[in-house]
Amino acid sequence: MKLNESYFLVLCSFLIFSSLSSCKKTERTEVLQAQTKNSKSVAQTLSVQKIFDGNAAGPYHSFRIPSLIRTPNGTLIAFAEGRADSNDDFGNINLVYRRSLDDGATWEPLQVLEGYGSGKFGNPVAVTDLESSTPKVWIFFLANGQDFDGPEDFTEWGQRRTFARYSTDNGLTWSPKQDLTASVLPPTYEFDMLGPGV
């Protein structure tokens with residue numbers, strides 16, 4: 001089977017990321033020692049906040065599958081699935097986000113990135129691209145219509161699709177969504193899963 005260029009790029013990206021994320025034992029030890037040395041000062045400044053609050057922050061029963069990213073200018077963006085009717089994996093699920101400009105001390109109001117009526121927009125995976133000439137924050141996610149209650153309901157290729165959007169202004173505005181399904185979902189698959197999460 002011949003791999004097209006998109007499959008090759010996805011495979012190379014995964015292999016590069018995997019090799020970069022592994023480090024030598026000594027490097028890990030040095031990091032752990034530095035973290036332990038600073039743990040007292042970190043503990044003194046650590047605070048806990050509920051960024052997504054089901055039934056209290058708006059029209060969502062619950063929030064699941066969070067993804068958190070720091071943008072090139074230091075803005076934090078927290079993504080999640082906003083599940084309108086229940087905490088079930090299928091149904092009326094929107095892709096939502098909040099931004100923080102002060103390292104998480106305060107958060108802007110909830111925004112909907114993708115969602116309309118019944119159907120799922122979810123499994124967000126956020127990535128910061130610092131290598132391109134214009135740094136971008138990418139969000140990858142899945143989408144499917146309302147007539148699905150579980151993986152067994154997907155019987156044809158393309159009923160569940162993979163999309164991406166990006167921001168060049170730290171999450172203020174977002175590009176139109178790009179459909180990546182043909183590049184990342186093999187033709188013999190009816191169901192796939194991204195990420196999920198950070």
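Residues numbered from 1 in each chain as written. Predicted model: local features only at pLDDT ≥ 70, side-chain atom pairs only at ≥ 80, totals over all residues. Heavy atoms only, no water.

**Thoughts on the nonpolar core**
(1) Moving on: Counting 14 residues, the largest nonpolar core has Phe79, Leu113, Ile139 and Trp174 as its most contacted members.
(2) Moving on: Counting only elements with at least two residues in this core, the list comes to strand E2 (76-83), strand E3 (92-100), strand E5 (119-129) and strand E6 (136-144).
(3) Moving on: Ignoring anything within four residues of it in the chain, the contact list for Ile139 reads Phe79, Leu95, Leu113, Pro124, Val125, Ala126, Phe163, Ala164, Arg165 and Trp174.
(4) Moving on: Phe52, Tyr60, Phe63 and Val96 belong to the second-largest nonpolar core, a separate cluster that totals 8 residues. (Core = buried A, V, L, I, M, F, W, Y, C linked by side-chain atoms within 4.5 Å. Buried < 20%, exposed > 50% of the residue type's maximum accessible area, 1.4 Å probe, protein only. Helix = DSSP H or I, 4+ residues; strand = E, 2+ residues; numbered from the N terminus. Contact = heavy atoms within 4.5 Å.)

**A short note on the packing of aromatic side chains**
(1) Moving on: For the coordinates displayed, the defined rule picks out 8 aromatic pairs.
(2) Moving on: Pairing Tyr60 with Phe63 gives two aromatic rings, centres 5.4 Å apart and planes at 55 degrees, and the pair type is tilted.
(3) Moving on: Taken together, a centroid distance of 5.8 Å and an interplanar angle of 25 degrees make the contact between Phe141 and Phe163 stacked. Placement of Phe141 in strand E6 and of Phe163 in strand E7 (residues 160-167) is noted, with a sequence separation of 22 residues between them. (Phe/Tyr/Trp six-rings, centres within 6.5 Å; stacked < 30°, edge-to-face > 60°.)

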